[in-house]
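Observations on the three-dimensional arrangement
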Amino acid sequence: MKVVTRFAPSPTGYIHIGNLRSAIYPYLLAKQNEEGSYILRIEDTDQARYVEGATELIEDTLQWIGLDWDEGPIKGGDHGPYFQTQRKEIYIEWAKKLIAKGRAYADPTPSEQIAKYREETNKAKKAFLYRNYRPENTPEWEPGMPLRFKADPKDRDYHDEVFGDLHMGPETQDDIILIKADGLPTYNFAHIVDDATMGITHIFRGQEYLPSMGNYLALYEALGVDTPKFVHLPHILAPAGNKKLGKRDGAKSAVDYRADGILPEAMLNFLACLGWNDGTEDEIYSKQDLIEKFSLDRIQRAGARYDEQKLIWLNGQWIRRLFTEDPKALFARTKDFWPEIAAKVSEEEKYKVFCIIYDRLKTLSDLRTMTTYFFEDPNVDMDMLTTNKALKKLSEKELCDILKLAADGLAELNEWSAEMLQNKLNELLEKSGQKPAVFFGLVRLSVSFAPFSPALHDTLSVLGREKTLARLHAVITAFGRD
RNA sequence: GGUCCCGUCGUCUAGUGGUCCAGGACGUCUGGUUCUCAUCCAGAAAAUCAAGGGUUCGACUCCCUUCGGGAUCACCA
């Protein structure tokens, strides 16, 4: 069977990670099907909430994380247009079918009156059902008037791919608005028409739509449309509390994570596995792995909490993995993450630094704080030396002598390579008669004045002979014992 | 309030009647890797399987009830 899925966001702002997952699953399902198709549709029927530029933001997010759609904005396709505001005639046409069948009526009731009805039922602590107030005489519908569905409340059973066999009673079905007074359809009507005309086979959406299923089932029936497969997804929960993750909880835009140095591979891996797993004990999945292994019946029913720590860990895993696969390619992706001072240095220089520091990065933006001493001489900070755990037992003279020994020894080195440096450093360590923590620690701090750095011989080899010796002498001078 | 959904370590989860006095991962803690930080490796702590009743020789797994949590009841999606 050909699988056609869709992601259908409304352009009301950026896509936060809570929503992004419902873009990923339909993509995976479509791609694991040989002739599957993944459609992007923009649900822009709410003029009031429309945000300029939001569509571009959505497209950017999907492209970043690697969800390339087969049909939709930019790309086009056989089932367009892909903006609901451009499909107005289609909805009107379908609405007229419903009117002809006596299953839709123009509602003349003023909204103030409806508000009163609603207040009544609220006071009686009951769920509001408009059909209890259905007007007896309704005018012939014409544009500018709200059009309502005429419900046929009854027991309806259906199957959800995640939640299993479900039942909706008559009280879940009402005379919902199909076409608003502004002539545009509501989501409730539009998505059914669109999914039917676009040939969507699997509908993915958040579980907040579960209570509306009674209405949707009634509409499919009245429209004479076959029901697609339903895939309702549990909510992603905010880090604290039990509420679903939303922008109020500081749910960042997915692309904000890009600026923070999170790799799209890690984000995709993380979100896909938030509420889904393949039953094995694997943790790392590439897009291809996910496409091969994804299955609807392994989606969780309970909401999963959004845990940024696991994302960070996954990101570190991906940095190491991608480096192993193709270091240059990963390096090319670090462009925006270097400290400003690195701009004056050649790409080759930066690449050298990257090769010795990459396996310490959790996010690419760590480069900003972890590499500055490679590009500019650090300020000599004597306190850092004298308060160091391993060094504070030694006198200034002793420290200074060790540094001189190191500087003189290193100056003799013919070939300034990591390997030769390692040998030389070991030789000097022995000569100094100090513990590694003292000798290496002192040299390391003297050239970097950083709380941490790569292995000493790697650091010195990238730094180069000139800078290394100059920095060691700067500290010796600072001791005033030159 | 009505309706709908959910409930295994702090978190993500494995588990579809016996091999589970519950396994893995993140996080935390402790060690190891010639310096720091990170990686990597080894190990530890961490779940009366929401509770109570059934069914069964046997239940985390099936049934019922209760409790707890969430969603929804718009001319928003």
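Being a predicted model, the structure only gives us computed values, none of them experimental.

**Quick notes on the overall build of chain A**
- Counting its regular elements, chain A contains 20 helices and 11 strands.
- What you see for chain A is a C-alpha radius of gyration of 32 Å, clearly larger than the 23 Å of a compact globule of 482 residues, by over 25%.
- Overall, the C-alpha framework of chain A stretches about 105 × 50 × 40 Å when taken along its three principal axes.
- Of all 482 residues assigned to chain A, the portion counted as buried reaches 35%.

**A word on the protein's contact with RNA strand B**
- With respect to spatial proximity, 71 residues lie near RNA strand B, and among them Ala181, Tyr187, Ala304, Pro436 and Phe452 are the closest.
- If you list the elements that add at least two residues to the surface near RNA strand B, you get helix 4 (111-123), strand 6 (164-168), helix 5 (187-197), strand 11 (304-305), helix 10 (308-325), helix 17 (418-432) and helix 18 (436-448).
- Of the residues assigned to the surface near RNA strand B, the class counts are 28 nonpolar, 21 polar and 22 charged.

**A word on the environment of Phe440**
- Residue placement: Phe440 occurs in helix 18.
- Judged by the 20 C-beta atoms lying within 10 Å of it, Phe440 falls in the buried class.
- C-alpha of Phe440 to C-alpha of Leu428: the two residues are 12 residues apart in sequence and 9.8 Å apart in space.

**Some details on the confidence of the model for chain A**
- Mean pLDDT for chain A: 93, with 99% of residues reaching 70 or above.
- ipTM for the predicted complex: 0.94, alongside a pTM of 0.94.

**Examining the domain arrangement of chain A**
- Taken as a whole, chain A is organised into domain 1 (84-233), domain 2 (254-374) and domain 3 (377-478).
- Once you take the C-alpha centre of each, domain 1 and domain 3 turn out to be 74 Å apart.

**Examining the pairing of strand 9 (residues 229-233)**
- Of all 5 residues in strand 9, 4 are buried, a share of seventy percent or more.
- Summarising the sheet, strand 8 (residues 202-206) and strand 9 pair through 5 bridges and their orientation is parallel. Residue pairing across strands places Phe204 opposite Val231, the latter belonging to strand 9.
- For the handedness criterion, the β-α-β arrangement of strand 8, helix 6 (residues 213-223) and strand 9 is classed as right-handed.

**Examining helix 10**
- Between its first and last C-alpha atoms helix 10 spans 26 Å; for 18 residues at 1.5 Å apiece the expected length is 26 Å, and the two agree.
- Considered for burial, the residues of helix 10 that qualify are Leu314, Asn315, Trp318 and Ile319. Down the axis of helix 10, the buried set is contained in an arc of 150°. They therefore lie on one face. In helix 10, the exposed positions angled more than 90 degrees off the buried face are occupied by Gln309 and Thr324.
- Considering only its buried residues, helix 10 is in contact with helix 8 (264-272).

**Section: the pairing of strand 6**
- Examined bridge by bridge, strand 5 (residues 156-160) and strand 6 share 5 bridges and lie antiparallel to one another. Of the residues in strand 6, the one forming a bridge with Tyr158 is Leu166.

**Remarks on unusual backbone geometry**
- Omega for the bond connecting Gly80 with Pro81 falls within 30 degrees of zero, at -5°, which places this linkage in the cis form.
- You can see Pro81 is positioned in the loop between helix 2 (54-65) and helix 3 (88-100).
- A positive phi angle, near 45°, is found at Phe449, a position not held by glycine.
- Topologically, Phe449 is positioned in the loop between helix 18 and helix 19 (456-463).
- Residue class for Phe449 comes out partly exposed when judged on the 19 C-beta atoms lying within 10 Å of it.

**Focus on the sheet that holds strand 3 (residues 104-106)**
- In space, the 3 strands of this open sheet follow the order 3-4-7, with antiparallel pairing throughout. Each end of this open sheet is capped by a strand with a single partner; those strands are strand 3 and strand 7 (177-179). Averaged over neighbouring strand pairs, the angle between their axes works out to 40° when direction is ignored.
- Here 3 bridges tie strand 3 to strand 4 (residues 147-149), and the two strands are oriented antiparallel to one another. By the bridge assignment, Tyr105 is partnered in strand 4 with Arg148.

Calculation rules
- Each residue is numbered by its place in its chain's sequence as written, counting from 1.
- Here the convention is simple: chains get letters from A, ligands get numbers from 1, in the order in which they are written.
- Side-chain atom pairs in this predicted model are given and counted only at pLDDT of 80 or more, local residue features only at pLDDT of at least 70, and totals for whole chains, interfaces and linings cover all residues.
- Only DSSP runs of H or I with at least four residues qualify as helices, and only runs of E with at least two residues qualify as strands; both kinds are numbered from the N terminus onward.
- The atom set for the radius of gyration is the C-alpha atoms, and the globule formula is 2.2 Å times the number of residues raised to the power 0.38.
- Exposure criterion: with C-beta atoms placed from backbone coordinates, a residue whose C-beta has 20 or more other C-beta atoms within 10 Å is buried, one with 12 or fewer is exposed, and one in between is partly exposed.
- Any residue whose C-beta atom, as placed from the backbone, lies within 6 Å of a molecule or strand is termed near it.
- Gly is placed with the polar residues, together with every amino acid not listed as nonpolar (Ala, Val, Leu, Ile, Met, Phe, Trp, Tyr, Cys and Pro) or charged (Asp, Glu, Lys and Arg).
- One number per residue, pLDDT, summarises how confident the predictor is, and it ranges from 0 to 100.
- Residue ranges assigned to each domain were obtained from an automatic or database domain assignment.
- Only strands that DSSP links by at least two bridges are regarded as paired with each other.
- Looking down the strands as they point away from the viewer, one classifies a crossover as right-handed if the path from the first strand across the helix to the second runs clockwise.
- Multiply 1.5 Å by the residue count of a helix minus one, and that product is the helix's expected span.
- An arc is given here, and it is the one of the directions from the helix axis to the C-beta atoms.
- Here the contact rule is simple: place C-beta atoms from the backbone, and any two residues whose C-beta atoms are within 7 Å are in contact.
- Axis geometry follows a simple rule: fit a line to the C-alpha atoms, using only the stretch in contact for helices, then measure angles between N-to-C directions, giving values from 0 to 180 degrees.

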